[in-house]
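# Residue-level structural notes
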Amino acid sequence: MLRSPTIARRELASYFHSPIAYVAMTLFLVACGFWFRDDFQSGQPAEMRSIFNQMIFMQVLIIPLLCMGLLAQEWATGTMESMMTAPVEETDVVLGKFMGSFAFFLVLLAPTLLYVVMLRIYAQPDYGPIFSGYLGIALVGAMFVSISLFCSSLTKSQIVAAVSSSALLFLVTIVPWYASSKATLSGFWRSAVDQGVFAKYADFTKGVIDTGSLMYFVAITAVFLFLTSKVLESRRWK
Amino acid sequence: MISVSNLTKVYGQTLAVDHVSFEVAKGSIVGFLGPNGAGKSTTIRMLTCYFPPTSGTATVNGFDIFHQSLQVRENIGYLPESVPLYTEMRPDEYLDFRGRLRGLDRPTRKKRIEYVLERCWLTNVRTKLIGHLSKGYRQRVGLADSLLHNPAVLILDEPTVGLDPTQIRETRKLIRDLGGDHTVMLSTHILPEVEAVCDRAIVIASGRIVAQGSPEELRTSRRNVARVLVECRGPAKDVETALTRVSGVYSVEILPSNGQADKYVTAAVKPKESYDVREEVARTIIQNGWPLREIRLEHATLEEFFVQVVANQAVAKA
């Protein structure tokens, strides 16, 4: 555990040398800008509810791009060997990688705080839902990073990592969101759809921090981090 | 310093390393020699705790590679064969990262980084991106990293592959200088490297140790290894007969002339045991009135030994 901040720092720094990170950041901020422009009109409520929801769509797109190389590249270039032959544990590597890319996600999210400032200048926003909305976005981000990190640990190919994590995120986010609008859904499928990311996130945009939803994101994040460390250890069983 | 007993690694159906045992004494430089695919890297990866052996044990600096993996890794400096580096970093950044990873405190880290940059001739490229460095420089960055924490044991997997001749000489000199302070184990398939650098060689082929000893011992361990080469002007047949009669001579072979129009012949004379037949041979030739151009004792090279050993191994397998 001791070495994970070192690894996280290196990871965060390496994002600033990576073109894909800039592409993702630009994509995210430009898209958010357009959406915010639609909301930021006179007569509209001074809130960020719709933009938060759209941010989640963007996260499904960009987090796999940000995380695809995290471990896949280490496998491909062999740096995993120099990493794991230094006195570090698998958990150090997994936590370090996670913290590094989660930190970059926060860096990417930070410029959107400008919207809060703009709302403050032109209106009297209610800070409660904005705060809980950001907290929720961060939790969703952590969960997505953890899932993508897991996908990245399974392969040497960044493309495979990106595609598989996009598919997984799509499955837990977009599919239930789409299905939930179908009124015919009932029983098992209805409750399954209610486990989707949007359903769990909904409370946060309303300013409610529900312990259940909170635990949902934290638990999934933890499970995938655990699985990732097991994948790293698996080279010992082969 | 390194003690290996019955180390075995099985990948699926393939037996990569087969009951390998050896010892490496403190401060010595040992060459781990073998053809490609012999199991050198696999053995090294087990010693550096990248993966555990299927069976068998090994200790490095007294620590068990399976049960005390962290301590082993603290005591080893390892240069993997492919020299994996983060190409977006600069050498000093990379070394700083590796130093932190190894838990060196700031003053030690600074001091050691300066030292290894100096030692591996990297000071002039310390702020260039590793991705822009040539293979030779990258190799040195890898070497610098392995020296960073002043480890008791250095394990270098093919440290001179891909370097130009000058760099190879410099690297070998560096490795020789490191022996004594550090116990060095280097793997290679280049024989002159072992002769130039190592105190001892361990020869591995098809996952098994086939010979070990000093380069000198290995060279002389095969029978009839030395031979005397004679070049003189005379009829080939007569030269052969005359030399065969010399006492102490085991066999004479007339070597094919390399297209020379003059009448010189080259004969390879193999003596019995380690008997030096040069004087007798010279006398015989003078007595026959053949002008003598050259007479020289040729030691068997480690290369010949190696080819023999590996060929024997291949025959045994088949």
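Residues numbered from 1 in each chain as written. Chains lettered and ligands numbered in written order. Predicted model: local features only at pLDDT ≥ 70, side-chain atom pairs only at ≥ 80, totals over all residues.

For the rest of this paragraph, the subject is the sheet that holds strand S11 (residues 227-233) of chain B. Residues and elements named next belong to chain B. Spatially, 4 strands are ordered S12-S13-S11-S14 in an open sheet, and the strand pairing comes out antiparallel. Sheet topology places strand S12 (249-255) and strand S14 (292-298) at the edges, where each strand pairs with a single neighbour. Strand after strand, the sheet turns through a mean of 20 degrees between neighbouring axes, direction not considered. Packed on one face of the sheet, helix H10 (residues 278-287) meets S11, strand S13 (264-271) and S14 and runs near 165 degrees to S14. (Pairing = 2+ DSSP bridges. Helix = DSSP H or I, 4+ residues; strand = E, 2+ residues; numbered from the N terminus. Axes fitted to C-alpha atoms, helices over the stretch in contact; angles between N-to-C directions. Contact = placed C-beta atoms within 7 Å.)

To continue, consider helix H4 (residues 106-119) of chain B. Residue and element names in this part refer to chain B. Helix length check: H4, at 14 residues, gives a terminal C-alpha distance of 20 Å against a target of 20 Å (1.5 Å per residue), a fit within 8%. Those residues of H4 that sit buried are Arg112, Ile113, Val116 and Leu117. Across the axial projection of H4, the buried residues extend over an arc of 130 degrees, all falling on one side. More than 90 degrees from the buried face of H4, the exposed residues found are Pro107, Lys111 and Glu118. Of the surrounding secondary structure, the elements contacted by the buried residues of H4 are helix H3 (91-101) and helix H5 (135-147). Backbone geometry just downstream of H4 places Trp121 in the positive-phi region, at approximately 50 degrees. (Expected span 1.5 Å × (residues − 1). Buried ≥ 20, exposed ≤ 12 C-beta atoms within 10 Å, placed from the backbone. Arc of directions from axis to C-beta.)

This next bit is on the environment of Val231 of chain A. Residue and element names in this part refer to chain A. If you trace the backbone, Val231 turns up in helix H12 (residues 211-233). C-beta crowding within 10 Å serves as the criterion here: with 18 such atoms nearby, Val231 is assigned to the partly exposed category. Distance in space between the C-alpha atoms of Val231 and Ser157 is 15 Å, their sequence separation being 74 residues. What Val231 contacts, discounting residues up to four positions off in sequence, is Ser153 and Leu154.

Attention now moves to the sheet that holds strand S9 (residues 200-205) of chain B. Residues and elements named next belong to chain B. Pairing is mixed across the open sheet formed by 6 strands, whose spatial order is S6-S7-S8-S3-S9-S10. With partners counted over all chains shown, the strands left at the sheet margins are strand S6 (76-79) and strand S10 (208-213), one partner each. Looking at each pair of strands side by side, their axes are set apart by 15 degrees on average, direction ignored. Across 4 bridges, S6 lies against strand S7 (residues 153-157) in parallel orientation. Residue Leu79 lies in a different strand from S7, and its bridge partner there is Leu156. Across the sheet, helix H1 (residues 40-47) is in contact with strand S3 (29-33), S7, strand S8 (183-188) and S9; its angle to S7 comes to roughly 150 degrees.

Attention now moves to the domain arrangement of chain B. By domain assignment, chain B separates into domain 1 (2-220) and domain 2 (227-299). Placing the centre of domain 1 of chain B and that of domain 2 of chain B at their C-alpha centroids yields a distance of 46 Å. (Domains from an automatic or database assignment.)

A separate point is the packing of helix H3 (residues 49-67) of chain A against helix H8 (residues 127-153) of chain A. Residues and elements named next belong to chain A. Where H3 contacts H8, the two axes come as close as 9 Å, and the packing angle between them is 20 degrees. The pairing of H3 with H8 is recorded here as roughly parallel in orientation. The hand of the H3/H8 crossing is right-handed. From H3, Arg49, Phe52, Met55, Ile56, Gln59, Ile63, Pro64 and Cys67 reach across to H8, where they touch Pro129, Gly133, Ile137, Val140, Gly141, Phe144, Val145, Ser148, Leu149 and Ser152. Partitioned by chemical class, the residues of the contact of H3 with H8 number 12 nonpolar, 5 polar and 1 charged. (Parallel < 35°, antiparallel > 145°, perpendicular 65-115°, else oblique. Left-handed = near helix turned anticlockwise from the far one by under 90°. Nonpolar A, V, L, I, M, F, W, Y, C, P; charged D, E, K, R; others polar.)

Time to look at the nonpolar core. One finds Leu66, Val140 and Val145 of chain A together with Ala144, Ile155 and Val203 of chain B to be the most contacted residues of the largest nonpolar core, which totals 127 residues. Looking at this core element by element, the count peaks at 12 residues for H8 of chain A. Each residue touching Ile155 of chain B, except ones within four places of it in the same chain, is listed here: Ile44, Leu47, Thr48, Ile76, Tyr78 and Met185 of chain B. Of all hydrophobic cores here, the second largest spans 13 residues; its members include Val230, Val281, Ile285 and Trp290 of chain B. (Core = buried A, V, L, I, M, F, W, Y, C linked by C-beta atoms within 7 Å.)

On the chain B side, the residues contacting the 17 residues of chain A number 19 residues. Listed by contribution, the elements that provide at least two residues to the side of chain A that touches chain B are helix H1 (4-15) and helix H5 (79-84) of chain A. Here the element with the most residues in the side of chain A that touches chain B is H5 of chain A; it accounts for 4 residues. Residue classes in the side of chain A that touches chain B are distributed as 4 nonpolar, 8 polar and 5 charged.

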